[in-house]
Amino acid sequence: MVKAWYLGTDLYQKDSEDVLTPEDIEKKTGVQILKMDVDAYNDDYRYKRIVEEKKLFFNDVYHNPADCTEEDIQFFLKEHIHEDDEVRLVLDGACCMDVRDQDDKWIRLRMTKGDMVVLPPGLYHRGLIDEYLQMLRLFENKEKWIAVYRPAADESIVHKNYLESRRAIAAN
């Protein structure tokens, strides 16, 4: 299962004893975390429900070699948002995904084979992909799946709606 913690100053940190539960992550960020059987995820009712509810009719598999370059690593570390949900399933290997909480602090999600995350639209995130990885990426509309980088994304209506939804949840 995804292991999560508040990230300190070590950008390459891949483990921590101070872990957060999937429920903590969802409450603080809106991110859903699931564990899937990578050999049978197409038959999993949770996977089917997410695909249907979010209209994720496009997908591809991202392959990252174990010997990726520093340029590749830095590309994924750029903080950004998307206008649509972002759904990722690790088919093999591992990676880290960082997401911002309601106080703009980084939470690191250490993902390994079978881990699936659903990030809501407007959530700031980035990836630390510095090792071997095969990841299924699901899209509502592949042509529209564009990263909007910070600080420009701060003015995005999608990001503002995300922040408003998080404030409403925190108030309850």
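Residues numbered from 1 in each chain as written. Predicted model: local features only at pLDDT ≥ 70, side-chain atom pairs only at ≥ 80, totals over all residues. Heavy atoms only, no water.

Volume-wise, the largest pocket comes out at about 280 Å³. Lining the largest pocket are 18 residues, and of these Phe76, His80, Glu86, Arg137 and Trp145 lie nearest its centre. Listing elements by their share of the lining of the largest pocket, those giving two or more residues are helix 3 (70–76), strand 5 (86–100), strand 8 (125–128) and strand 9 (133–139). Within the lining of the largest pocket, the residues separate by chemical class into 9 nonpolar, 4 polar and 5 charged. (1 Å grid on protein atoms, 1.4 Å probe; cavity = no way out; pocket = protein on both sides within 12 Å on 5 of 7 lines; lining within 4 Å. Points joined across faces, edges and corners; volume = space filled by probe spheres on them. Helix = DSSP H or I, 4+ residues; strand = E, 2+ residues; numbered from the N terminus. Nonpolar A, V, L, I, M, F, W, Y, C, P; charged D, E, K, R; others polar.)

With 15 residues, helix 4 (residues 157–171) should cover 21 Å at 1.5 Å per step; its first-to-last C-alpha distance of 21 Å lies within 8% of that length. When we look at burial in helix 4, the residues that qualify are Val158, His159, Tyr162 and Arg166. Buried residues of helix 4 fall within an arc of 100° about the axis and therefore sit on the same side. The outward face of helix 4, more than 90 degrees from its buried face, is lined by the exposed residues Ile157, Arg167 and Ala171. Buried residues belonging to helix 4 abut helix 1 (22–29), strand 4 (80–81) and strand 5. With a side-chain oxygen positioned 3.1 Å from the backbone nitrogen of valine 158, the residue opening helix 4 is serine 156. (Expected span 1.5 Å × (residues − 1). Buried < 20%, exposed > 50% of the residue type's maximum accessible area, 1.4 Å probe, protein only. Arc of directions from axis to C-beta. Contact = heavy atoms within 4.5 Å. Polar contact = N/O pair within 3.5 Å; in protein donor to acceptor, adjacent residues only side chain to side chain.)

Backbone torsion omega between arginine 150 and proline 151 reads 15°, so that peptide bond is classified as cis. Its location among the elements puts proline 151 in the loop between strand 10 (148–149) and helix 4. The residue lysine 55 is not glycine, and still its phi comes out positive at about 55°. Of note, lysine 55 is situated in the loop between helix 2 (45–53) and strand 3 (58–64).

Here tyrosine 6 shows up in strand 1 (residues 3–6). Spatially, the C-alpha atom of tyrosine 6 lies 24 Å from that of tyrosine 132, the residues being 126 residues apart in sequence. Ignoring any residue separated from it by four or fewer positions in sequence, one finds tyrosine 6 in contact with Leu20, Lys28, Asp101, Lys105, Trp106 and Ile107. There is a polar contact of 2.7 Å between the side chain of tyrosine 6 and the side chain of aspartate 101.

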